[in-house]
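Survey of secondary and tertiary structure
These are the residues of each chain, in order.
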Amino acid sequence: MSQAKLLRHLFALMISTLLLLPLATTADEGEKESLPFSDLIMTEPTQRYSDETKCVAPESEMRRNHMEYILHQRDETVHKGIRTRQFSLEECINCHAVKDDKGEYVRVEDERHFCATCHTYASVNIDCFQCHADVPVRSSKMHKLQSGLSPHHSNEPFAGKLASETLQLLTTED
Amino acid sequence: MSETSKPMDPSRRQFMTKAGGAAGAAAIAPGVFLTTPAQARPADQPVSSDKRWGILVDANKCGTGCNACVSACEEENGWGSANPSEDDSSAEQQAKWIRKVTIKDKATQHVTTLPMMCQHCETAPCVDVCPTGASFKREDGIVLVDKHICIGCRYCMMACPYKARSFIHEDLKDQLPWAPRGKGTVESCTLCVHRVDEGGTPACVEACNAETHQAMFFGDLHDENSEISRELEQHGGKEIRADLGLNTGVRYRGI
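A quick note: this is a predicted structure, and the numbers were derived from the prediction, not measured. (Residues numbered from 1 in each chain as written. Chains lettered and ligands numbered in written order. Predicted model: local features only at pLDDT ≥ 70, side-chain atom pairs only at ≥ 80, totals over all residues.)

1. Considerations on the overall build of chain B
The cut-off we apply is this: Helix and strand assignments come from DSSP, with helices taken as H or I runs of at least 4 residues and strands as E runs of at least 2, each series counted from the N terminus. Neighbour density around each residue's C-beta defines its exposure: 20 or more other C-beta atoms within 10 Å make it buried, 12 or fewer make it exposed, and counts between make it partly exposed, where C-beta atoms are placed from the backbone. Each residue is represented by a C-beta atom placed from its backbone, and any two residues with such atoms within 7 Å are regarded as in contact.
Across its full length, chain B carries seven helices and 11 strands. Out of the 255 residues belonging to chain B, those deemed buried represent 42%. Here the contacts in chain B between residues at least 6 apart in sequence split such that 64% fall between residues at least 24 apart.

Dropping the structure here:
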């Protein structure tokens, strides 16, 4: 009789441990605040990114929701002509461009390309670059087209926080 | 290029007769006008119907054999000779945002040449027929293709009376950041929307002025003091295929 009672106690203890175990682990993870794909070695953004000049939103936010920002900006720009620089795809590319050993920007087919590093790892196929430029357009091209008044080509300061710094670096490099 | 044979509608006649008097309203002396330079819209503000962008082409000044507007468009937007990715497509399949058209009057042998591109219609047939809403007119009258939504059915190409649109048949490389283009979508003149949004002038107009032909004017058709409106008031400008009643944003003189 007492043996059966002991077994029942043991069983109850086992069940409660099993139930409590996940709670303990989640509490642990909450403290660490790990990023999605945190085990992934990502290409570091090259110049134009520093502790002072951070990304347009916190890293954890960008990793999870960058597609939402780009999608929203896309419709605003195409249909309403809103051309703020903060969440513009062109500005992402300008900042996160990666150069190879020869000093040439790597294209999106190359797994070192900033977008490709993560999207290859996550097996998410993106078609942005079937139409959009996957590397910054060289300053030589910009100077050639500078006759217009467009900030894409001119030295006018833009509305976005990153843009003027980006442009300065774009025009001074090479 | 047929002209309407309909009698001139009375409101238009009134407009024309009034135009002479109105033209002087903003003038303080002959040839001197009180105009304010167009203020660029802030980047975070949406476009509004306060403006309607248009181009006036003076075919009498347009140079025979001059291709400056076409080359400037190719260069600015990265198509044709400025992007060799379309090599496998036949000439009539390749992108054509703007083209030079030469017409000859058989009776007088008079040759007229003019640039032909998207006419940025107020009631655009391409917008009417688009099954997905990809072909649309912006508030400020610029007709565009949202290539994110375009399914490449090419219905708009059939609907356009000006043959202004083209379809991309093959994978492209090295597109420009301000002019994204891609396989399976329809495209046409954007009125250099990326320049216009920042207070600039379309590349074709700029090139025409640089060639000293001065055959193209760009501006706001709703602003009666803009150069294009004054030119239209004083010397007029026709729509091509005016019989269709599309109220085009691109007008021609000397045709």
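2. Digging into unusual backbone geometry
All names here are of chain B. The phi dihedral of His-120 falls on the positive side, at around 45°, and the residue is not glycine. For His-120, a count of 27 C-beta atoms within 10 Å translates into the label buried. The backbone of Cys-192 shows a phi angle near 50°, a positive value even though the residue is not glycine.

3. Topic: the interface of chain B and chain A
Using the following cut-off: Residues are grouped as follows: Ala, Val, Leu, Ile, Met, Phe, Trp, Tyr, Cys and Pro are nonpolar; Asp, Glu, Lys and Arg are charged; every other residue, Gly included, is polar.
Chain B puts 26 residues into the contact, and the matching count from chain A is 23 residues. Elements represented by at least two residues in the side of chain B that touches chain A include exactly helix 5 (193-196) and helix 6 (203-210) of chain B. A per-class count over the side of chain B that touches chain A returns nine nonpolar, six polar and 11 charged.

4. Overview of the sheet that holds strand 11 (residues 250-253) of chain B
Strand pairing in a sheet takes place through backbone hydrogen bonds and is either antiparallel or parallel in direction. Residues and elements named next belong to chain B. What counts is decided by this rule: We treat two strands as partners when DSSP finds at least two bridges between them. To get an axis, a line is fitted to the C-alpha atoms, and for a helix only the part in contact is used. The angle between two axes follows their N-to-C directions and goes from 0 to 180 degrees.
Spatially, the three strands line up as an open sheet ordered 10-3-11, and their pairing is mixed. The open sheet has two free edges, formed respectively by strand 10 (216-220) and strand 11, since each of these has just one partner strand. On average, each strand axis in the sheet is tilted by 20° relative to the strand beside it, whichever way the strands run. Taken together, the four bridges between strand 3 (residues 53-58) and strand 11 define a ladder with parallel strand orientation. Each bridged residue has a counterpart across the sheet, and for Val-57 the counterpart in strand 11 is Tyr-252. Helix 7 (residues 227-235) contacts strand 3, strand 10 and strand 11 of the sheet and is inclined by roughly 115° relative to strand 10.

5. With respect to the environment of Ala-68 of chain B
Residues and elements named next belong to chain B. By secondary structure assignment, the location of Ala-68 is in helix 2 (residues 68-77). A tally of 21 C-beta atoms within 10 Å means that Ala-68 is categorised as buried. Sequence-wise, Ala-68 and Met-116 are 48 residues apart; in three dimensions their C-alpha atoms are separated by 13 Å. Sequence-distant contacts of Ala-68, defined by excluding residues within four places in its chain, comprise Ala-207, Cys-208 and Glu-211.

6. Points about helix 3 (residues 89-96) of chain A
The element helix 3 of chain A is largely enclosed, with a buried count of eight among its eight residues. Listing the buried residues of helix 3 of chain A in full gives Leu-89, Glu-90, Glu-91, Cys-92, Ile-93, Asn-94, Cys-95 and His-96 of chain A.

7. Observations regarding helix 6 of chain B
Residue and element names in this part refer to chain B. With six of its eight residues buried, helix 6 lies for the most part within the structure. Within the span of helix 6, buried status applies to Ala-203, Cys-204, Val-205, Glu-206, Ala-207 and Cys-208. One or two steps after helix 6, the chain reaches Thr-212, where phi turns positive at roughly 60°.

8. Some points on the pairing of strand 5 (residues 111-117) of chain B
Residue and element names in this part refer to chain B. With seven bridges joining them, strand 4 (residues 98-104) and strand 5 adopt antiparallel strand pairing. Of the residues in strand 5, the one forming a bridge with Val-101 is Leu-114. Where strand 4 folds back onto strand 5 in an antiparallel hairpin, the turn is made up of six residues, including Gln-109, whose phi is positive at roughly 65°.

9. Considerations on the confidence of the model for chain A
In regions of low pLDDT, the predicted coordinates are not meant to be interpreted in detail. Residue and element names in this part refer to chain A. Using the following cut-off: Per-residue confidence from the predictor is reported as pLDDT, which spans 0 to 100.
Summarising the model, chain A shows a mean pLDDT of 70, and 55% of its residues fall at 70 or more. Across chain A, element-level confidence peaks in helix 2 (residues 59-80) with a mean pLDDT of 92 and bottoms out in helix 5 (residues 139-144) with 42. When the criterion is pLDDT under 50, residues 24-32 qualifies, and its contacts beyond four places in sequence or with other chains add up to one contact. Segment residues 139-167 is flagged for pLDDT under 50; beyond a separation of four residues in sequence, or across chains, it makes 60 contacts in the model.

10. Focus: the confidence of the model for chain B
Residues and elements named next belong to chain B. Scored by pLDDT, chain B has a mean of 88; 85% of the residues are at 70 or more. For the stretch residues 1-5, pLDDT sits under 50, and the model shows six contacts to residues farther than four places along the chain or on other chains. In this model residues 15-27 is a low-confidence stretch, pLDDT under 50, and it forms 10 contacts with partners more than four residues away in sequence or in other chains. Interface confidence in the predicted complex, given as ipTM, is 0.79; pTM for the same model is 0.74.

11. Topic: the nonpolar core
Which entries qualify depends on this criterion: To count as a nonpolar core, a set of buried Ala, Val, Leu, Ile, Met, Phe, Trp, Tyr and Cys residues must be joined through C-beta atoms within 7 Å.
One finds Val-57, Cys-69, Cys-204 and Met-216 of chain B to be the most contacted residues of the largest nonpolar core, which totals 54 residues. If sequence neighbours within four positions are ignored, Met-216 of chain B has contacts with Ile-55, Val-57, Cys-204, Val-205 and Cys-208 of chain B. Counting 12 residues, the second largest nonpolar core, distinct from the first, contains Cys-95, Ala-97, Cys-128 and Ala-133 of chain A.

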